[in-house]
Amino acid sequence: MSEYIDGKLLIIGGAEDKEGECKILKRFIREAGGRDSVITVLTVATELPEQVGAEYRELFEKLGGGDVQVLDVAERGGANHENIVRQLQKSSGVFFTGGDQLRITGLIGGTKLGKALHQLYERGVIIAGTSAGASVMSDTMIVGGEAGTAKKNTLTMAPGLGLLHSVVVDQHFAQRGRIGRLLTAVSQNPYVLGVGIDEDTAILVHTDGRFSVVGENTVTVVDASPTIASNVSEVSPGQALVLTPVLMHVLSEGYGFDLKRRVAHDQS
């Protein structure tokens, strides 16, 4: 197994195309097995589970998915029910909707459902998530923070699901001007890579620790490991950060990135 990746992940920056070519959602279905797929939509992040679940079920069936089921977990007790766990275990693909990432970790972290999710991942089942469902993939996730200038103590982070290691993911990236908060995140531990994913864009993380870009916009990878000067431990809350130098990669479809070697590559 790779140091970084045990299974397949499709991490989506939010607002994926649902009406046109639907490139990202079609890729998820293909990776899950196409017509033979058993897809589970987990609506735990949203406060509108019936509406959101029905939307994705209809979409996945329309786009060629096989058996599509929706699982909603409204309380931690539900995430320990054997029948819900058995339903999840049948999946060839799992999809987390958007909403609030703390609902995901708070309701399924450490439960039987959470453990079953990790077991599926280790077997190579593709796990996908959009928006909040993207942020939660890593072992540490961003749950709040200001756009604009990178400043100390303007970021709230929490433990994620731990499917992706040594990486922190931010979504709706360019559309919401989140470069500053991603830089703030990696300043706290430059060993961790920052990955900012634009809307209608995703990374497909392969078992060898490489990812491919899928979708219409870009993925920004911030690598602060070369940094030789940082004031993160010296400044007061709210003061602007110094972090230099920082290596940045901006990638679109046709390009990929090796998380282990920290290098980009052309896939054409």
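Quantities reported herein were computed from a predicted structural model and do not represent experimental measurements. Counting from 1, residues in each chain are numbered in the order their sequence is written. Given that the model is predicted, a residue must reach a pLDDT of at least 70 before its local features are reported, and side-chain atom pairs must reach 80 or more before they are shown or counted; all residues, however, enter totals for whole chains, interfaces and linings. Each side-chain value is derived from all of the structure's non-hydrogen atoms; neither hydrogens nor water enter the calculation.

(A) Focus on the sheet that holds strand E2 (residues 38–42). A pair of strands counts as paired when DSSP detects no fewer than two bridges linking them. Helix and strand assignments follow DSSP, with helices taken as H or I runs no shorter than four residues and strands as E runs no shorter than two, numbered in order from the N terminus. The nine strands are arranged E3-E2-E4-E5-E1-E10-E11-E16-E17 in an open sheet whose pairing can be described as mixed. Edge positions in the open sheet fall to strand E3 (67–71) and strand E17 (263–266), since each of these has one partner strand only. Shown here is a sheet whose adjacent strand axes are inclined to one another by a mean of 20 degrees, direction ignored. For strand E11 (residues 210–215) and strand E16 (residues 255–258), the ladder comprises three bridges, and the chain directions are antiparallel. Think of each axis as a best-fit line through the C-alpha atoms, taken over the contacting stretch in the case of a helix, with angles from 0 to 180 degrees between the N-to-C directions.

(B) Summary view of the pairing of E16. The pairing of E16 with E17 spans four bridges and is classified as antiparallel. For tyrosine 255, the partnering residue across the bridge sits in E17 and is aspartate 266. The hairpin turn running from E16 into E17, its antiparallel successor, is four residues long, and arginine 262 in that turn takes a positive phi close to 60 degrees.

(C) How the structure looks around the pattern of salt bridges. Salt bridge, as used here, is a side-chain nitrogen of Lys or Arg placed within 4 Å of a carboxyl oxygen of Asp or Glu. Applying the stated rule across the entire model yields eleven salt bridges. Across the pair arginine 178 and aspartate 170 runs a salt bridge whose closest N-O atoms are separated by 3.7 Å. Summarising the burial analysis for this pair, arginine 178 and aspartate 170 share the class buried. Between aspartate 258 and arginine 210 there is a salt bridge whose closest N-O contact spans 3.5 Å. Three labels apply to residues, based on accessible area from a 1.4 Å probe with only protein chains included: buried if under 20% of the type maximum, exposed if over 50%, partly exposed otherwise in between.

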